[in-house]
Amino acid sequence: EPEVTQTPSHQVTQMGQEVILRCVPISNHLYFYWYRQILGQKVEFLVSFYNNEISEKSEIFDDQFSVERPDGSNFTLKIRSTKLEDSAMYFCASSEGAGGNQPQHFGDGTRLSIL
Amino acid sequence: GESVGLHLPTLSVQEGDNSIINCAYSNSASDYFIWYKQESGKGPQFIIDIRSNMDKRQGQRVTVLLNKTVKHLSLQIAATQPGDSAVYFCAESPSPNTGNQFYFGTGTSLTVIP
């Protein structure tokens, strides 16, 4: 069964450094998402992406965050200058159609630890 | 923001029994809901979905019930197995949903006792 893959599984970074989290969505999917989950809390929406542009972003997704689809398969999340509070699990998801009406399929996440 | 919450944070059941996990949502305009299962170290895994024009939907060993009157969603797992032990989240899609995002509840941890 096709799946969303994320790399790395764990990323440790010094505060203030840039980090790039990578995702390969399911190949025939057109809509892409990033969510995060702080330990012990709920999964929170960050951003949705379709047709090479951001569809929607949450309050969390400030100027330090950016997303990119650099080629036909990868979807990346960049945090420009990491803060301690960015420590969380980051999940990439994709859906075949508009995700508000179709299931979103998630990867296994990248655990980001900011020191 | 949206509010999707769960009645019980933990649930323990005997293997072979049926499990019921509940979820309350706050946006009466939400029209699409998903139950996800999250095992330790993994991402949320799609289990079953339901649209607001339905009140019940069945899958393999799982049933989702939607009561729009009281804004309540439940997931029933028949003949619960040890492999069902995980955290279960309901997720809500508001309408309109220009960003296609889902709002997740805090999760219920299901433990199956062999």
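Above this note sits the structure.
For the structure given in this document, a descriptive report is provided here. (Residues numbered from 1 in each chain as written. Chains lettered and ligands numbered in written order. Predicted model: local features only at pLDDT ≥ 70, side-chain atom pairs only at ≥ 80, totals over all residues. Heavy atoms only, no water.)

**Quick look at the overall build of chain A**
Point 1. Secondary structure summary: chain A contains zero helices and 11 strands in total.
Point 2. Its C-alpha atoms give chain A principal-axis dimensions of about 35 × 30 × 30 Å.
Point 3. Taking all 115 residues of chain A together, the buried fraction comes to 46%.
Point 4. Of the contacts formed within chain A by residues at least 6 apart in sequence, a portion of 55% connects residues at least 24 apart.
Point 5. In the structure as shown, chain A presents an accessible area of about 5,700 Å², 44% of it carried by carbon and sulfur atoms.
Point 6. On chain A, the mean spot of the 9 positive side-chain charges and the mean spot of the 15 negative ones are 5 Å from each other. (Helix = DSSP H or I, 4+ residues; strand = E, 2+ residues; numbered from the N terminus. Buried < 20%, exposed > 50% of the residue type's maximum accessible area, 1.4 Å probe, protein only. Contact = heavy atoms within 4.5 Å. Areas by Shrake-Rupley, 256 points an atom, 1.4 Å probe, with all protein chains shown as cover. Lys, Arg positive; Asp, Glu negative; His and termini not counted. Charge placed at Lys NZ, Arg CZ, Asp CG, Glu CD.)

**Observations regarding the state of the cysteines**
Residue and element names in this part refer to chain B.
Point 1. One pass over the structure, following the stated rule, counts two disulfides over all chains.
Point 2. A sulfur-sulfur distance of 1.8 Å marks the disulfide that ties Cys-23 to Cys-90. Disulfide Cys-23-Cys-90: the torsion about the S-S bond is 50°, which places it as right-handed. Here Cys-90 lies in strand 9 (residues 86-93) and Cys-23 lies in strand 3 (residues 19-25), a separation of 67 residues in the sequence.
Point 3. According to the relative accessible area criterion, Cys-23 is buried, its value standing at 1%. (Disulfide = S-S within 2.5 Å.)

**Here we look at the interface of chain B and chain A**
Point 1. Listed per partner, the contact involves 24 residues of chain B and 22 residues of chain A.
Point 2. Contact between chain B and chain A buries roughly 1,700 Å² in total, counting both sides, with carbon and sulfur atoms accounting for 52%.
Point 3. Three residues, Pro44(B), Asn100(B) and Phe104(B), lead the burial of chain B against chain A; their summed loss comes to 29% of the area buried on that side.
Point 4. Taken together, chain B and chain A are joined by zero salt bridges.
Point 5. One can count four residue pairs in polar contact (both at pLDDT 80 or more) joining chain B with chain A.
Point 6. Mapped onto the side of chain B that touches chain A, the elements with two or more residues apiece are strand 4 (32-38), strand 5 (45-51) and strand 9 of chain B. (Buried area = accessible area lost by both parts, 1.4 Å probe. Salt bridge = Lys/Arg side-chain N within 4 Å of Asp/Glu carboxyl O. Polar contact = N/O pair within 3.5 Å; in protein donor to acceptor, adjacent residues only side chain to side chain.)

**Notes on the packing of aromatic side chains**
Point 1. For the coordinates displayed, the defined rule picks out 15 aromatic pairs over all chains.
Point 2. Seen from their ring centres, Phe49(A) and Phe75(A) are 5.2 Å apart, and the 40° between their planes marks the pair as tilted. Of this pair, Phe49(A) sits in strand 5 (residues 43-50) while Phe75(A) is found in strand 8 (residues 75-79), placing the two residues 26 residues apart along the sequence. With respect to burial, Phe49(A) and Phe75(A) carry one shared label: buried.
Point 3. Counting every residue linked through ring pairs, the aromatic cluster contains Tyr35(A), Phe45(A), Phe91(A), Phe106(A), Tyr36(B), Phe89(B) and Phe104(B). (Phe/Tyr/Trp six-rings, centres within 6.5 Å; stacked < 30°, edge-to-face > 60°.)

**Comments concerning the nonpolar core**
Point 1. One finds Trp34(A), Leu46(A), Phe61(A), Val67(A), Phe75(A), Leu77(A) and Tyr90(A) to be the most contacted residues of the largest nonpolar core, which totals 21 residues.
Point 2. Counting residues per element, the ones that place at least two in this core are strand 3 (19-24), strand 4 (31-37), strand 5, strand 7 (65-68), strand 8, strand 9 (88-95) and strand 11 (110-114) of chain A.
Point 3. By size, the runner-up hydrophobic cluster in this structure holds 20 residues, among which are Leu11(B), Tyr25(B), Ile50(B) and Leu110(B). (Core = buried A, V, L, I, M, F, W, Y, C linked by side-chain atoms within 4.5 Å.)

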